[in-house]
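# Structural characterization, general
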Amino acid sequence: MAANAGKSTPPGPATGDTPEDEPEVSVSRRWQWRRVAIFALVLLPLVLAAGYTLDRARHSGRVVRGVHIGDVDVGGMSEAEVARVATDFDERLRKTPLPARVRTSEVSVDPEKLTLSVAPAATARRAMAAGREGGVFRDLRFWVARFSSPLRLPLEISLDLTRARALLDEWEKAHVDLPFSGGVVADAGGVRADPPRKGHVIDGDSAVASLVRGLASWPREPVEVPLVEREPFIAAGAVESAVEEAKRLLAEPVTFSGEGERVLRFEKEELTRALRSRAPTPAAPRVTLYLDNAVVEEKLARVRAGLEAPPVNAHFIVEKGDRVSIEAGSPGAVLRAETVAAKLLEAAALPGRNGPLPLEQGAAPELSKEALAALNVRHLVGQYTTHHPCCQPRVDNIHLIADLLRGQIVKPGESFSVNALIGPRSAKLGFKPAPTIEEGEMVDSLGGGVSQFATTLFNALFVGGYDITERMPHTYWFARYPMGRDATLSWPKPDVAFKNDSEAGALIWTEYGDDHITVKVFGDNGGRKVSIKVSPQQNLVKAPIEYIPDLTQPPEKDKTMEAGQIGWTVFVTRQVTFADGTKREDKRKVVYKARTRRVIVHPCNVPKGEPGYTGEKCPEPEGAEGEGTEAGKPQ
C-alpha cells in the first residue's frame with residue numbers, strides 16, 4: 001500500500017476535454033459554416049429570383065429598370081412615353097453637328113444635309129425589348145448588371161446613306177493620303193516624273209456604320225473615321241510615256257485665231273502652270289494629261305471682253321415708206337474654259353500649233369423675232385416734227401437723246417418714262433452744255449435742248465391717242481412749238497411718260513436732220529381717232545420791263561437786250577374716239593408766263609420807283625435850245 005500510496009497520477013481533464021476530443025471540435029465548426037454557406041447558396045438565388053420577379057412584375061408593360069435613351073432614364077416608362085422622349089430628341093439630333101476626325105483633320109457632319117430624322121416608334125420598341133429577349137438567365141443577368149451601370153441605347157434614326165457615302169468620298173479626297181499611281185509634274189524647272197506610292201482609303205462600310213452610331217447617340221461624341229492602307233495600281237511605262245508627251249505639249253506657245261484680228265495666245269509659261277495629270281487606273285492604264293480649267297479661266301478673264309460677242313436682240317427696222325420689219329437676233333459667242341483647255345491640247349498637235357478660236361454659242365437674246373412679231377406692231381400710229389437752227393450744241397443733245405430712244409418698245413399695258421430710261425444727262429453719256437430754262441432764267445446746263453425732243457415725242461404720242469401720264473409745258477412759249485402742246489424735260493423732274501393703253505406694242509422711232517427732229521410711234525391703236533382743239537389766248541399778261549442803267553448809253557435812245565413776251569392762258573382739248581364709238585376727252589390748262597423785256601438805258605431814263613432810279617435829269621440834246629444858249633452867252 002505504501003508503494004502504491006507513493007505513486008501519483010496526474011489528474012485528467014473532465015470528460016470530453018481529452019486531447020483525443022479536439023479534432024471533433026474543429027469538424028463541428030466547419031460543418032456549421034458549411035451549413036451557413038449551403039443555406040446562403042440556396043437562399044440567395046431565391047432572393048434574387050424573388051427580387052427579379054417582383055421588379056419585372058412592377059415593370060410589366062414598361063421599360064425595365066436601368067435603360068437610358070441618350071441622357072434620359074426611360075426605365076419604368078410606357079412605350080408611348082418613350083416615343084415622346086424620342087420625338088423630343090429629333091430636333092437636337094438634327095441641329096447638332098457630329099464631330100469627326102479623319103487622320104489628323106477635324107471635320108463635322110451636318111445631320112440635316114443627310115436628312116436625318118428620329119424614328120420614335122422604333123426607338124420605343126427597342127427600349128421595350130431591352131432585357132426581355134435573351135431567355136430567363138440572360139434577362140436575369142441583364143437585370144443584375146443594371147445595378148452597376150445603366151444601358152444607354154442609341155435612338156433609331158433614318159438618314160440618306162447615299163449622301164453619307166458622298167460625304168465620306170469628299171473627306172477621302174480632301175484629308176486622306178490616297179494611293180497614287182504616278183503622274184507628271186511641270187514647273188519652271190522642267191517636266192519630271194511623279195512616281196507611284198501607297199496610301200490609305202476610308203473603310204466605307206465601317207465608316208458609314210460609325211457615322212450612323214454617332215448620329216444616333218446623345219450627347220454627341222467625336223467619331224474616328226476608320227482607314228485602311230492600299231497599294232497603288234502601277235502601269236508599266238505609263239509615267240515615262242507621259243513625261244515625253246508633256247515635253248512635246250509645252251515645247252512652244254499655242255495660238256487660236258478668229259475672224260479679223262482676234263487672236264488668243266497661250267505662252268509656254270501659261271501652259272506649264274496649267275498642266276495637270278491623272279494617274280492611271282485599271283480602266284485607263286495610262287497617265288492622262290490635261291489643263292486646269294481654273295488656270296485657263298484666269299487667262300480668259302483678261303482677254304474675254306475683246307474676243308466674245310454679246311447676244312443681239314431681234315429688233316424692228318423702219319424702212320422707206322414707214323414699212324416696219326423685224327430683223328432676227330443672234331445668240332452671244334463665248335469662250336468656256338473647259339473647251340479652251342481641251343482645244344489647247346488638240347492645237348498643240350497641229351502644224352504650227354495654231355487652231356481656230358473655240359467660240360461657242362452663248363446666251364440667247366432676250367428678244368426673239370417671234371416675241372416681237374407677237375406685239376403686232378403693224379403701222380404708223382402717230383408722228384410729229386419740230387424744227388431748229390442748224391449746228392448748235394443743243395442740236396447735238398437733241399440728236400443724242402433721239403439715238404438713245406430709237407427702237408424702244410413699250411408692251412401693251414406697260415408704262416414708259418424718258419427719265420427712267422435715260423437717267424441724268426451727263427458728259428459720260430455724251431451730253432453737252434447748252435441753254436435751258438432754270439427757275440425762269442436761261443442758263444447753260446448739260447443736255448440743254450432735250451426739251452425740244454420731249455415736245456416732239458409728246459406730240460407724236462398725243463396725236464396717236466395714247467394715255468399721257470406725265471408732261472409739263474414750258475414756262476414761256478417758244479414759237480417753234482405748237483401753242484399749248486409743248487413739253488419740257490429735266491432730271492429728275494419734269495418728265496414725259498405715257499401708258500400703252502392699246503392691245504399692241506408701241507415702237508418709238510426717231511429720225512432727224514440738221515434742222516429738224518421727227519418722232520414716230522408705230523403700233524396698232526385699234527383704229528382710234530384723235531381730234532385736238534386749242535382755245536384762243538386768255539388772261540393776257542403784259543411783259544414786265546427791267547431797266548438796266550448804263551452811263552455809256554445815250555440818253556436819247558435805249559437798247560433792248562431781251563425783247564420780252566406777254567403771258568397768257570390756253571386750254572387744249574383732245575378727244576379720242578375708239579373703234580366702238582366710245583370717247584375719251586382730255587382737257588389741259590396751259591399757262592405761259594410773261595417774259596421780262598430787258599432794256600439798257602442811261603440812268604436818267606430809269607423811271608421813278610424802278611431799281612437804279614437816281615432822279616437826275618437827262619441833259620438836253622446838243623442843238624436843242626443850243627442856239628439860244630449860245631446867243632445868250634456873254635460876248
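Below is a short write-up of the structure. (Residues numbered from 1 in each chain as written. Predicted model: local features only at pLDDT ≥ 70, side-chain atom pairs only at ≥ 80, totals over all residues. Heavy atoms only, no water.)

### Comments concerning the sheet that holds strand β30 (residues 516–523)
To summarise the sheet geometry, strands pair through backbone hydrogen bonds and adopt either a parallel or an antiparallel arrangement. Rule in force here: DSSP-based pairing: two strands are paired if at least 2 bridges between them are found. Here a helix means four or more residues in a row that DSSP labels H or I, a strand means two or more in a row labelled E, and each is numbered from the N terminus. Every angle, taken between N-to-C directions, lies between 0 and 180 degrees, and every axis is a line fitted to C-alpha atoms, over only the stretch in contact when it is a helix. Working rule for contacts: check all heavy atoms of both residues, and any pair within 4.5 Å makes them a contact.
Judged by pairing direction, the sheet is antiparallel, and its four strands sit side by side in the order β22-β30-β29-β23 without closing on themselves. Every interior strand has two partners, whereas the edge strands, β22 (379–387) and β23 (408–410), have only one. In this sheet, adjacent strand axes meet at a mean angle of 20 degrees when their direction is disregarded. Bridge count between β22 and β30: eight bridges; the pairing is antiparallel. Bridge assignment links His 379 to a residue of β30, and that residue is Gly 523. Across the sheet, helix α13 (residues 393–405) touches β23, β29 (506–513) and β30, and the angle it forms with β29 is around 150 degrees. With respect to the sheet, helix α15 (residues 450–464) is in contact with β22, β29 and β30, its orientation differing from that of β22 by roughly 145 degrees.

### Let's talk about the layout of surface pockets
Using a probe with the size of a water molecule, rolled over the atoms, empty space left in the structure can be pinpointed. Condition: Cavities and pockets are defined on a 1 Å grid built over the protein atoms alone: a cavity is a set of grid points where a 1.4 Å probe fits but cannot escape, while a pocket is an open set with protein on both sides within 12 Å along at least five of seven lines, and lining residues are those with an atom within 4 Å of any such point. Grid points are joined across faces, edges and corners, and a volume is the space filled by probe spheres set on the points. Residue polarity is assigned by list, with Asp, Glu, Lys and Arg as charged and Ala, Val, Leu, Ile, Met, Phe, Trp, Tyr, Cys and Pro as nonpolar; anything else, Gly included, falls into the polar class.
In this structure, the second largest pocket spans a volume of roughly 200 Å³. In this structure, the second largest pocket is lined by Asn 313, Ala 314, His 315, Phe 316, Leu 367, Leu 372, Leu 375, Gly 407, Gln 408, Ile 409, Lys 411 and Trp 509. Put simply, the parts of the chain that give the lining of the second largest pocket at least two residues each are β17 (315–319) and β23. Of the residues belonging to the lining of the second largest pocket, the class tally is seven nonpolar, four polar and one charged.

### Concerning the state of the cysteines
Defined as follows: Criterion for a disulfide: a pair of cysteine sulfur atoms within 2.5 Å. Burial classification: accessible surface area is computed with a 1.4 Å probe over protein chains only, and a residue below 20% of its type maximum counts as buried, one above 50% as exposed, and the rest as partly exposed.
Per the counting criterion, the structure on display carries two disulfides. Bridging Cys 390 to Cys 391, the disulfide has an S-S length of 1.9 Å. The partly exposed category is assigned to Cys 390, whose relative accessible area is 35%. By relative accessible area, which is 63% here, Cys 391 ends up exposed. The side chain of Cys 604 participates in a disulfide bridge whose partner is Cys 618; the two sulfur atoms lie 2.0 Å from each other. Disulfide Cys 604 to Cys 618: torsion about the S-S bond roughly 100 degrees, handedness right-handed.

### A word on the packing of aromatic side chains
So the rule is basically this: When the centres of two rings from Phe, Tyr and Trp lie within 6.5 Å, Trp using its six-membered ring, the rings pair. Their planes under 30 degrees apart give stacked, over 60 give edge-to-face, and anything left gives tilted. Ring-over charges, as used throughout, are those where CZ of Arg or NZ of Lys falls within 6 Å of the ring centre and within 35 degrees of the ring normal.
If you walk through the whole model with that rule in mind, you get eight aromatic pairs. Here the aromatic residues Phe 416, Tyr 466 and Phe 498 are joined through ring pairs into a cluster of three or more. One cation-aromatic arrangement involves Arg 65 over Phe 147; the distance from NZ or CZ to the ring centre is 3.8 Å. Lying over the aromatic face of Phe 571, Lys 587 brings its terminal NZ or CZ to 5.3 Å of the ring centre.

### Details of the pattern of salt bridges
So the rule is basically this: Salt bridge, as applied in this entry: a Lys or Arg side-chain nitrogen positioned within 4 Å of an Asp or Glu carboxyl oxygen.
Enumeration according to the criterion identifies 37 salt bridges in this entry. Among the salt bridges present, the one from Glu 224 reaches Arg 101, with a minimum N-O distance of 4.0 Å. With a gap of 123 residues between them, Glu 224 in strand β11 (residues 223–224) and Arg 101 in strand β3 (residues 98–102) connect regions that are remote in the sequence. Each of Asp 90, Arg 94, Lys 95 and Glu 112 takes part in one network of salt bridges that share partners.

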